Amino acid sequence: MTQHHTPEPAVTTPAGSPPLRDTRQRRAVAAALDASDEFRSAQDLHQLVRDSGERVGLATVYRALQAMVDAGEVDVVRSEAGEAQYRRCDVAHHHHHLICRGCGKAVEVEGPAFEEWADAVARQHGFVDVRHTLELTGTCADCRRAGGAG
Ligand SMILES: [Zn+2]
Ligand SMILES: [Zn+2]
Ligand SMILES: [Zn+2]
């Protein structure tokens, strides 16, 4: 009932992007992820989606990726340059990655000894709900045979 005489603030809606009409775009992004075994940057995925004939903006791709990461559907790692890279992974099962710096190939690995160490250190310092990220990068056998990466 209280009427405020608040003058309409001059909101500049950036692109006027509708909130949850992205499902179709999101599917396209998911399909692009499914099509690749390697970690891909948002830019790469954006290109893949466009190649598939879908008209999607890069911002939408970022949003879709973030939503999938939040939902635990997609794994994200940082490249050496600090760029986020995405891959469809078995996120229900905790694992780590061994990533080739030459070709981007990613192998899923487990590190039971590392997990134990992390748990022990956390316990020792009274920490609970501890999370960690550990990514290993190197040159894969193929790239090594091809004369080394870079
Ligand atoms: Zn993974
Ligand atoms: Zn490689
Ligand atoms: Zn771990």
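Each value, and the rule that gives it
Residues numbered from 1 in each chain as written. Chains lettered and ligands numbered in written order. Predicted model: local features only at pLDDT ≥ 70, side-chain atom pairs only at ≥ 80, totals over all residues. Helix = DSSP H or I, 4+ residues; strand = E, 2+ residues; numbered from the N terminus. Buried ≥ 20, exposed ≤ 12 C-beta atoms within 10 Å, placed from the backbone. Contact = placed C-beta atoms within 7 Å. Pairing = 2+ DSSP bridges. Axes fitted to C-alpha atoms, helices over the stretch in contact; angles between N-to-C directions. Parallel < 35°, antiparallel > 145°, perpendicular 65-115°, else oblique. Left-handed = near helix turned anticlockwise from the far one by under 90°. Nonpolar A, V, L, I, M, F, W, Y, C, P; charged D, E, K, R; others polar. Expected span 1.5 Å × (residues − 1). pLDDT = per-residue confidence, 0-100.

## Topic: the overall build of the protein chain
- What the protein chain contains, in helices and strands, is five helices and six strands.
- Ordering the α and β elements of the protein chain from the N terminus gives α-β-α-α-β-β-β-β-α-β-α.
- A total of 150 residues make up the protein chain; the buried ones form 16% of that total.
- Sequence-distant contacts in the protein chain: of pairs separated by 6 or more residues, those separated by 24 or more amount to 51%.

## Things to note about the sheet that holds strand 4 (residues 96-100)
- Strands sit in the order 5-4-6 across an open sheet of three strands; the sheet is mixed. Bordering the open sheet on either side are strand 5 (106-109) and strand 6 (135-138), each of which pairs with just one other strand. For this sheet the average axis-to-axis angle between neighbouring strands, irrespective of direction, equals 20 degrees.
- Taken together, the four bridges between strand 4 and strand 6 define a ladder with parallel strand orientation. For Ile-99, the partnering residue across the bridge sits in strand 6 and is Thr-137.

## Considering the packing of helix 2 (residues 42-51) against helix 3 (residues 58-70)
- Put simply, helix 2 and helix 3 touch, their axes get as near as 9 Å, and they point 110 degrees apart. One way to sum up the angle between helix 2 and helix 3 is to call them roughly perpendicular. The handedness of the crossing between helix 2 and helix 3 comes out as right-handed. Mapping the contact onto sequence places Ala-42, Leu-45, His-46 and Val-49 in helix 2 and Leu-58, Val-61, Tyr-62 and Leu-65 in helix 3.
- When grouped by side-chain class, the residues that make up the contact of helix 2 with helix 3 number seven nonpolar, one polar and no charged.

## Digging into the packing of helix 1 (residues 23-34) against helix 3
- At a minimum axis distance of 9 Å, the contact between helix 1 and helix 3 shows a crossing angle of 75 degrees. Compared by their axis directions, helix 1 and helix 3 come out roughly perpendicular. Listed contacts from helix 3 to Gln-25, Arg-26, Val-29 and Ala-30 of helix 1 are Thr-60, Val-61, Ala-64, Leu-65, Ala-67 and Met-68.
- Per-class residue counts for the contact of helix 1 with helix 3 are seven nonpolar, two polar and one charged.

## Focus: helix 4 (residues 112-124)
- The end-to-end C-alpha separation of helix 4 is 18 Å, in line with the 18 Å expected for 13 residues at 1.5 Å each.
- A small share of helix 4 lies buried, amounting to zero of its 13 residues.
- Phi for Gly-126, located one or two positions after helix 4, is positive at around 70 degrees.

## Description of the confidence of the model for the protein chain
- Here the protein chain averages 83 in pLDDT, while 83% of its residues score no lower than 70.
- Of all helices and strands in the protein chain, the one with the weakest mean pLDDT is strand 2 (residues 74-78) (87), whereas helix 4 scores best (95).

## Considerations on the sheet that holds strand 2
- As summarised here, the arrangement of the three strands in space is 1-3-2, forming an open sheet in which the pairing is antiparallel. Looking at strand neighbours, the two that pair on one side only are strand 1 (40-41) and strand 2, the edges of this open sheet.
- Sheet topology places strand 2 next to strand 3 (residues 84-88); five bridges connect them, and they run antiparallel. Bridge pairing links Arg-78 to Ala-84 in strand 3.

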